[in-house]
Amino acid sequence: MKEVPTKGSSIWEAASFSFSQENSYLVEAPSGKGKTSLLSIMYGLRKDYSGKLFIDNRDSRNIGSAEWSAMRKKQLAYIFQGLELFDDMSAWDNIMLKNHITRHKTQQQVRNMAAQLNIEPFLQKHCGILSFGQRQRVAIIRALCQPFNFLFADECFSHIDKQNSAVAMELIREECRAGGAGLILTSLGNNGHDVDITLRL
Amino acid sequence: MKYLFQILWKDQSRWHLLWAVLGTIAGFVLLLTGIHFYENMNKVLRENEDLLDPEYIIVNKEVGIGQTLGLGNGGFSEEEIAEIRQQPFAEQVAPFISNEFPISAYTRSRQFPNFSTELFFEAVPDAFVDVRSDDWGWEAGKDHIPVILPQDYLNLYNFGFSQSQGLPQIPKEMIGMLQFSVVLKGATEKATYPGRISGFSNRINSILVPYDFLTWANEKFGYLEQPRPSRIILVSPDPTDPEIIRFIDEKGYDTIREKLKSSRLNIILKFVLSFLVLIAGIIIGLAFLIFLLSLQLMISRSSEKIRRLNKLGYHHTEISRPYIIVLFTLLFIVTAMALAISAIISGKMAAMAAEWNMEVGASLSGTIYLVSIGLVVVLFVLNTFSIYLGTKKLCKE
């Protein structure tokens, strides 16, 4: 990642900004400042921006749908703020839906992650009946079921208690370390996460 | 794929798909039985050219008292033939040619009664002859003369003459075995050839020999004055054209009007069949639309889910796959059902036709399988294309 668009405040106003795989970032801002927009643009979901976004020196506007899909399977992991889970499927199936196309984790590895995050007993339950915090943890596990160069975590601890957040954060860091991947967290305020670079929008 | 089906197939109403399937089956069955019926009707018509002989019209001049007294020549002049050729209803025109030397024939056979008779031959180009026989034709050195008699002659013999004279009736199939000799008497030379009956014509009421034979024989034996052709055979693309009757009446010519009447049956039959095929086409078109709209409806009902799948890294072609599998399965069912129903109907039709002494094939022809496969491929390709477009559009939004 080399540059991010410039518009509005801070990062938006900077002439250019690069995200590097070696670092972890915390993008901190109150609601409505464009945290999710920033991630959506870098994930190829939004094209309504001015300026330029380069991914590995390639102009993202030249990246086609097939390549975006491939990148979302192998290079870019995203824990969505809106979770994007299927409520009428079990937590397990939701996770497997992703793992099915990436074949990244074994079922045992998935179960271990669920156990670490204390949601193993709920795996066979429909997502629709889980609490938001539980669902957030399902979404975290799902996002980790793929290889990635960058993990976008969009306010992914907002409904998880401190203890579980810390475990989840450790799990995420471990995965990033293992894959040599960069991490971009967003948050309303600093929750005490230890990151290399903090950005304010 | 299991997960995609689980996600995309949920909350879908399957009723409209059922209607699409039923509609397409109905259209297919109509079309396939229509083609089957048409093919078989054509076959029956070809076998029974007497029933419907639309194109060939034989025109002659009415015989007046003048000809009886030897005052005028009854045949067509060259100008008159040229005039007929120019008529829009006359696609092809050929005058009959006849022998320019005396001919007689006799039989010497144990199985058949003996005959001896003076004779005449006429000939028209082979394309105008309705009897299909490998024996028909003439090249120098051929050891016998093939002859075609009018069907009426055989009937006259079998049902009139033979019975009243206590002679045996002769079936059509045995006629080929009848041996007789033909004597051609030229001015100076005379030749005897064996003759063989090649078949019976319903179209041309004359004793026909191959055109090539008669031109050859006229050159070799002919010494009488060449008579003007007394009859003309013409092919008309539309025998129901009232212009034909009008022209014939105006010129004082004559023809067998019954034949012109019966040809309408053929036209009506073809019209009804084309109508059937048209209706079938419309039904298939509508069924195709229902298919298209049903699949689009399914896609748009799942639009949220499709977008979500795309966010998770599923490409729109991957998301389309379950729809394509559903489409393929349904089309497979449609084709199988339509072919099965058509086969049953054609079996029943064959049984019904057998009661009327018509031979109609009970099984479906290769054309029908080809048509159904072709249609299914077209439906499949168009629908697949539309599915791809639909999911792609959602993923782009």
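In this text the structure is predicted, and so the values were computed from the model without any measurement. (Residues numbered from 1 in each chain as written. Chains lettered and ligands numbered in written order. Predicted model: local features only at pLDDT ≥ 70, side-chain atom pairs only at ≥ 80, totals over all residues. Heavy atoms only, no water.)

1. Side note on the interface of chain B and chain A
Piece 1. Taken together, the contact pairs 17 residues of chain B with 20 residues of chain A.
Piece 2. Between chain B and chain A we count four salt bridges in total.
Piece 3. Here B:Arg308 and A:Glu84 are joined by a salt bridge, their closest N and O atoms 3.0 Å apart.
Piece 4. Elements with a minimum of two residues in the side of chain B that touches chain A: helix H1 (2-8), helix H9 (303-311) and helix H10 (316-355) of chain B.
Piece 5. Element by element, the count of residues in the side of chain B that touches chain A is highest for H9(B), at five residues. (Contact = heavy atoms within 4.5 Å. Salt bridge = Lys/Arg side-chain N within 4 Å of Asp/Glu carboxyl O. Helix = DSSP H or I, 4+ residues; strand = E, 2+ residues; numbered from the N terminus.)

2. Structural notes on the nonpolar core
Piece 1. Among the nonpolar cores identified, the biggest contains 110 residues, and A:Phe19, A:Ile140 and A:Leu151 are the most heavily contacted of them.
Piece 2. With 10 residues, H10(B) is the single largest residue contributor to this core.
Piece 3. Setting aside residues up to four positions removed in sequence, A:Ile140 forms contacts with A:Ile79, A:Leu117, A:Cys156, A:Phe157, A:Ile160, A:Ala168 and A:Ile172. (Core = buried A, V, L, I, M, F, W, Y, C linked by side-chain atoms within 4.5 Å. Buried < 20%, exposed > 50% of the residue type's maximum accessible area, 1.4 Å probe, protein only.)

3. Things to note about the domain arrangement of chain B
Piece 1. Per the domain assignment, the segments making up chain B are domain 1 (2-49 + 263-396) and domain 2 (56-256).
Piece 2. Each of domain 1 of chain B and domain 2 of chain B was reduced to a C-alpha centroid, and the two centroids are 53 Å apart. (Domains from an automatic or database assignment.)

4. Description of the layout of surface pockets
Residue and element names in this part refer to chain B.
Piece 1. Each pocket or cavity is described by its volume, and for the largest pocket that value is around 620 Å³.
Piece 2. Around the largest pocket sit 24 residues that line it, and Phe115, Leu149, Tyr153, Leu178 and Ile197 are the ones nearest its centre.
Piece 3. Elements with a minimum of two residues in the lining of the largest pocket: strand S4 (103-107), strand S5 (116-119), strand S7 (145-150), helix H5 (151-165) and strand S9 (190-201).
Piece 4. Here the lining of the largest pocket takes five residues from H5, the largest share from any one element. (1 Å grid on protein atoms, 1.4 Å probe; cavity = no way out; pocket = protein on both sides within 12 Å on 5 of 7 lines; lining within 4 Å. Points joined across faces, edges and corners; volume = space filled by probe spheres on them.)

5. Notes on helix H6 (residues 162-179) of chain A
Residues and elements named next belong to chain A.
Piece 1. The end-to-end C-alpha distance of H6 is 26 Å, a good match for the 26 Å that 18 residues give at a rise of 1.5 Å each.
Piece 2. Within the sequence span of H6, burial applies to Asn164, Ser165, Ala168, Met169, Leu171, Ile172, Arg173, Glu175 and Cys176.
Piece 3. For H6, the secondary structure elements touched by its buried residues are strand S1 (24-28), strand S4 (76-79), helix H4 (107-116), helix H5 (132-144), strand S5 (150-154) and strand S6 (182-187).
Piece 4. The opening residue of H6, the one whose side-chain oxygen lies 3.1 Å from the backbone nitrogen of glutamine 163, is aspartate 161.
Piece 5. Note on H6: the residue one or two positions beyond its end, glycine 180, has a positive phi of about 60 degrees. (Expected span 1.5 Å × (residues − 1). Polar contact = N/O pair within 3.5 Å; in protein donor to acceptor, adjacent residues only side chain to side chain.)

6. Some thoughts on H10(B)
Residues and elements named next belong to chain B.
Piece 1. Along its 40 residues, H10 runs 58 Å from first to last C-alpha, staying within 8% of the 58 Å computed at 1.5 Å per residue.
Piece 2. The largest bend along H10 measures about 30 degrees and falls at proline 322.
Piece 3. Phi for asparagine 357, located one or two positions after H10, is positive at around 65 degrees. (Bend = angle between axes of the 7 residues up to and from the residue.)

7. Re the packing of H10(B) against helix H11 (residues 366-396) of chain B
Residue and element names in this part refer to chain B.
Piece 1. It is the contact of H10 with H11, at a shortest axis distance of 9 Å, that shows an interaxial angle of 155 degrees. On the basis of their axis angle, the class for H10 and H11 is roughly antiparallel. As for the relative orientation of H10 and H11, their crossing is right-handed in sense.
Piece 2. Considered class by class, the residues forming the contact of H10 with H11 number 15 nonpolar, eight polar and one charged. (Axes fitted to C-alpha atoms, helices over the stretch in contact; angles between N-to-C directions. Parallel < 35°, antiparallel > 145°, perpendicular 65-115°, else oblique. Left-handed = near helix turned anticlockwise from the far one by under 90°. Nonpolar A, V, L, I, M, F, W, Y, C, P; charged D, E, K, R; others polar.)

8. Description of a nonpolar patch on the surface
All names here are of chain B.
Piece 1. Among the surface-exposed residues, Phe275, Leu278, Ile279, Ile282, Leu286, Leu289 and Leu293 lie close enough to one another that they form a single nonpolar patch of about 660 Å² accessible area.
Piece 2. Summarising the element assignment, leucine 293 is placed in helix H8 (residues 257-301).
Piece 3. You can call leucine 293 exposed: its relative accessible area is 55%. (Patch = residues over 30% accessible without salt bridge, like charges linked within 9 Å, V, L, I, M, F, W, Y side chains within 5 Å. Areas by Shrake-Rupley, 256 points an atom, 1.4 Å probe, with all protein chains shown as cover.)

9. Remarks on the sheet that holds S9(B)
Residue and element names in this part refer to chain B.
Piece 1. Read from one edge of the open sheet, five strands run S5-S4-S8-S9-S7, paired in mixed fashion. Because the sheet does not close on itself, it has two edges, and the strands there are S5 and S7. Across this sheet, the average inter-strand angle for adjacent strands is 35 degrees, counted without regard to direction.
Piece 2. When S7 meets S9, the two strands line up parallel, connected through six bridges. Opposite proline 150, over in S9, you have serine 201 as the bridge partner. (Pairing = 2+ DSSP bridges.)

10. A few points about the sheet that holds S6(A)
Residue and element names in this part refer to chain A.
Piece 1. Taken together, five strands build an open sheet; the order of strands is S4-S5-S6-S1-S7 and the sheet is parallel. At either end of the open sheet lies a strand with only one pairing partner, and these are S4 and strand S7 (197-200). Averaged over all adjacent pairs, the angle separating strand axes in this sheet is 15 degrees, with direction ignored.
Piece 2. Relative to S6, S1 runs parallel, the two sharing five bridges. Opposite glutamate 28, over in S6, you have serine 187 as the bridge partner.
Piece 3. Across the sheet, H5 is in contact with S4 and S5; its angle to S4 comes to roughly 175 degrees.
Piece 4. In the packing of H6 onto the sheet, contacts are made with S1, S4, S5 and S6, and the angle to S6 comes to roughly 150 degrees.

11. Section: a positive patch on the surface
Piece 1. Where like charges cluster on the molecular surface, the positive patch consists of A:Lys47, A:Arg61, B:Lys392 and B:Lys396.
Piece 2. Looking at where A:Lys47 falls in the secondary structure, it is placed in the loop between helix H1 (35-42) and strand S2 (54-55).
Piece 3. For A:Lys47, a relative accessible area of 45% corresponds to the partly exposed category. (Lys, Arg positive; Asp, Glu negative; His and termini not counted. Charge placed at Lys NZ, Arg CZ, Asp CG, Glu CD.)

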